[in-house]
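Read off the chains here:
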Amino acid sequence: MRDDSVVIKGSREGIFLHLDPQLDFRELKQRISAKLSDSKDFLAGAQVICNFGPREVADEDVAELEQLLRQFKLRLKRVSTSVDSRHEAREEIKMPPKAIEDNRVYPNADEQTLLIKRTLRSGQSVSYDGNVVVMGDVNPGAEVVASGNVIVMGALRGMVHAGATGDPASVVAALRLKPTQLRIADQITRAPDNDMDEPDVPEIARIKDGVVTIEVYNPNERQARAR
Amino acid sequence: MGDVIVVTSGKGGVGKTTTTANIGTGLAALGYKTVMVDTDIGLRNLDVVMGLENRIVYDIVDVVNGNCRLKQALIKDKRFENLFLLPAAQTKDKSAVSTDQMKELVSNLKQEFEYVMIDCPAGIEQGFKNAIVAADRAVVVTNPEISAVRDADRIIGLLQAEQNLDGDPVLVINRLRPAMVKKGDMMNIFDVEDILAIKILGVVPEDETIVVSTNRGEPAVLDLSSRAGQAYRNIVKRISGDDVPLMNLEEPDGIVGKLKKLMGMR
């Protein structure tokens, strides 16, 4: 039977030691010793990051661990637990794998979405077969062209084309919707000439009755109509 | 067949786009069928200055690549039915168009329009070469300031070596500040003319209304209270053959100015 109480994983940062949170610390030290003896010189000189999982770790325990590792010529760089005591680094929350595989939970999971985490400056252009989400602004002179929907978590001041391959159900939403030109499917629209109003609430643009209309963004309203 | 006029300078920021927009609008206001072409690919501004940026669907690169017909790319001006704009592309750069493609494009435009105004980018590289390749005449814009004049001189040299231009380029001195000239802090018209030795088409004074007109997308030539606008109106007249004299650029004395003069403070 494989002993999973001590798991060693290599990474760019160093060697990760994942320790079984159920085991007594002394027991763990023995297991660590055993495991490290197997690969005694191979790992020598490396830095070790030790993950205790959800357990309280006393300072003495850390000191003992450090000493133990030194015997194997390893340096203890960092210790992490998911219980917030004196040590840093929370443990990553891992999604139970089931939810990702179950398509009933995410029905349109095959729609691709591109996430851009920066502002698009003038002259920059993004073209994607799917949805596009921008965490930043889209400045005048920049373009976002998507076959799906376009969401801008920022000020949309450039050119946007949602449903570029022809889907008129596509929408454009932004925290501040003030594009030089807005296109959905084959419709092209722009703001009226004397429109000086700066929008101060998130808005969404979509085709309604054949015309591009802009409304205050209210997600609950959409769900109500869908019923 | 129309007249193709390129507006160039060498130096950036001296007023080529402003001059192109104002001359183009002024010619259209006089009744001429006019098109303005922005060749500053990647750094387009003529559309913004004309207030037409949100009407752009196709641009000059789409035309030369055959993505659309020339007519589809031309944008009709908001105010004048006989004024059109062919915008530059913003997401490309100046390598996107060749001189041969420009020649063909401009010769097509010449068939339709009485005046083709070409807004040239700063520099002397591909953008400049594209802009001048099919021009009949050239207008050089400069500021009464030593580095601008130096670059203008370089540009004039390059233009004089171009085969297709009829005669020498003409000069627009832009952003003149008469008060500084009076104090001796700024080059005057004759100093500039002395170095560049070409005929002066016009002199435009420094004027805050230009900033306002740019932000609004309404060329100053249409603003009757703008002195820069008046200078451009005169320039337009001279282009169309009506030789008006250079306007007096001395700033008119306001009440405070007159008082100061009386008290010997000026």
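In this text the structure is predicted, and so the values were computed from the model without any measurement. (Residues numbered from 1 in each chain as written. Chains lettered and ligands numbered in written order. Predicted model: local features only at pLDDT ≥ 70, side-chain atom pairs only at ≥ 80, totals over all residues.)

*Asks:* Can you break down the overall build of chain A residue by residue, with the values?
*Replies:* Looking only at helices and strands, chain A features 4 helices and 15 strands. Counting the 227 residues in chain A, one finds 24% classified as buried. Restricting to contacts in chain A with at least 6 residues of sequence separation, those with at least 24 account for 32%. (Helix = DSSP H or I, 4+ residues; strand = E, 2+ residues; numbered from the N terminus. Buried ≥ 20, exposed ≤ 12 C-beta atoms within 10 Å, placed from the backbone. Contact = placed C-beta atoms within 7 Å.)

*Asks:* Just give me the short version of the overall build of chain B, but keep the residues and values in it.
*Replies:* When helices and strands are counted, chain B shows 12 helices and 8 strands. Relative to its length of 266 residues, chain B is compact, with a C-alpha radius of gyration of 19 Å against a globular reference of 18 Å. Overall, the C-alpha framework of chain B stretches about 70 × 40 × 35 Å when taken along its three principal axes. Put simply, chain B has 266 residues, and 47% of those count as buried. Look at the contacts in chain B between residues 6 or more apart in sequence, and 75% of them connect residues 24 or more apart. (Rg over C-alpha atoms; globule rule 2.2 N^0.38 Å.)

*Asks:* Explain the interface of chain A and chain B residue by residue, including any values.
*Replies:* At the junction of the two partners, chain A supplies 11 residues and chain B supplies 8 residues. For the side of chain A that touches chain B, the residue count by class is 2 nonpolar, 6 polar and 3 charged. (Nonpolar A, V, L, I, M, F, W, Y, C, P; charged D, E, K, R; others polar.)

*Asks:* An account of the sheet that holds strand 7 (residues 170-176) of chain B is needed here, citing residue identities and associated values.
*Replies:* The strands that make up a sheet are held in pairs by hydrogen bonds between backbone atoms, and each pair lies either parallel or antiparallel. Residue and element names in this part refer to chain B. Strand order across the open sheet formed by 8 strands is 3-4-2-5-1-6-7-8, with mixed pairing between neighbours. The sheet is open, and its two edges are formed by strand 3 (75-76) and strand 8 (200-205), each paired on a single side. Where strand 1 (residues 3-8) and strand 5 (residues 115-119) come together, 5 bridges link them in parallel fashion. Across the sheet, the residue bridging to Ile-5 is Met-117, located in strand 5. Contacts from helix 7 (residues 146-160) reach strand 1 and strand 6 (137-142), with the element oriented near 170° to strand 6. Lying over the sheet, helix 11 (residues 227-239) contacts strand 7 and strand 8, oriented at roughly 170° with respect to strand 8. (Pairing = 2+ DSSP bridges. Axes fitted to C-alpha atoms, helices over the stretch in contact; angles between N-to-C directions.)

*Asks:* Give me the environment of B:Ala88: which residues, what numbers.
*Replies:* Residue and element names in this part refer to chain B. Turning to its location among the elements, Ala-88 is positioned in the loop between strand 4 (83-86) and helix 5 (99-112). Take Ala-88: there are 27 C-beta atoms within 10 Å of it, and that puts it in the buried class. In sequence terms Ala-88 and Asp-59 are 29 residues apart; their C-alpha atoms lie 5.4 Å from each other. Excluding its chain neighbours within four sequence positions, the residues that come into contact with Ala-88 are Asp-38, Thr-39, Asp-40, Ile-41, Arg-44, Asp-59 and Ile-60.

*Asks:* Tell me about the sheet that holds strand 13 (residues 187-189) of chain A, and please be specific about residues and values.
*Replies:* Residue and element names in this part refer to chain A. The mixed open sheet is built from 5 strands, whose spatial order is 6-8-10-12-13. Bordering the open sheet on either side are strand 6 (125-128) and strand 13, each of which pairs with just one other strand. On average, each strand axis in the sheet is inclined to that of its neighbour by 10°, with strand direction left out of account.

*Asks:* Would you mind going over the pairing of strand 1 (residues 6-10) of chain A in detail, with residue names and values included?
*Replies:* Residues and elements named next belong to chain A. Here strand 1 pairs with strand 2 (residues 15-19) via 5 bridges, running antiparallel. The residue bridging Ile-8 from the neighbouring strand is Leu-17, located in strand 2. Hairpin connection from strand 1 to strand 2: 4 residues lie between these consecutive antiparallel strands, with Gly-14 at a positive phi of about 150°.

*Asks:* I'd like to hear about the domain arrangement of chain A, residue by residue, with values.
*Replies:* The domains assigned to chain A are domain 1 (6-81) and domain 2 (113-226). Its C-alpha centre places domain 1 of chain A at a distance of 51 Å from the equivalent point of domain 2 of chain A. (Domains from an automatic or database assignment.)

*Asks:* Let's hear about the nonpolar core: which residues, and what values?
*Replies:* With 75 residues, the main nonpolar core has B:Ile5, B:Val6, B:Ile60, B:Val116, B:Ile118, B:Ile132 and B:Tyr232 as its most contacted residues. Excluding its chain neighbours within four sequence positions, the residues that come into contact with B:Ile5 are B:Tyr115, B:Met117, B:Ile118, B:Ala135, B:Asp136, B:Arg137 and B:Val139. By size, the runner-up hydrophobic cluster in this structure holds 24 residues, among which are A:Val138, A:Val150, A:Leu156 and A:Val172. (Core = buried A, V, L, I, M, F, W, Y, C linked by C-beta atoms within 7 Å.)

*Asks:* Please give an account of the environment of B:Phe113 that cites residues and values.
*Replies:* All names here are of chain B. Residue position: Phe-113 is located in the loop between helix 5 and strand 5. For Phe-113, a count of 23 C-beta atoms within 10 Å gives the class buried. Between the alpha carbons of Phe-113 and Ile-124 there is a distance of 27 Å; along the sequence they are 11 residues apart. With near-sequence residues (within four places) excluded, Phe-113 lies in contact with Gly-2, Lys-33, Thr-34 and Val-35.

*Asks:* So what's going on with unusual backbone geometry? Which residues, and what values?
*Replies:* A positive phi is found at A:Ala185, a non-glycine position, where the angle reads about 50°. Examined against the element boundaries, A:Ala185 turns out to sit in the loop between strand 12 (181-184) and strand 13. The class of A:Ala185 is partly exposed, set by 17 C-beta atoms lying within 10 Å. Positioned with a positive phi, B:Arg175 is a non-glycine residue whose angle comes to about 65°. By secondary structure assignment, the location of B:Arg175 is in strand 7.

*Asks:* Explain helix 1 (residues 16-29) of chain B to me, and be specific about the residues and the numbers.
*Replies:* All names here are of chain B. Helix length check: helix 1 (14 residues) gives 20 Å between terminal C-alpha atoms against 20 Å at 1.5 Å per residue, within 8%. Most of helix 1 is tucked away: 13 of the 14 residues are buried. Positive backbone phi, approximately 110°, marks Gly-31, located one or two places after helix 1. (Expected span 1.5 Å × (residues − 1).)

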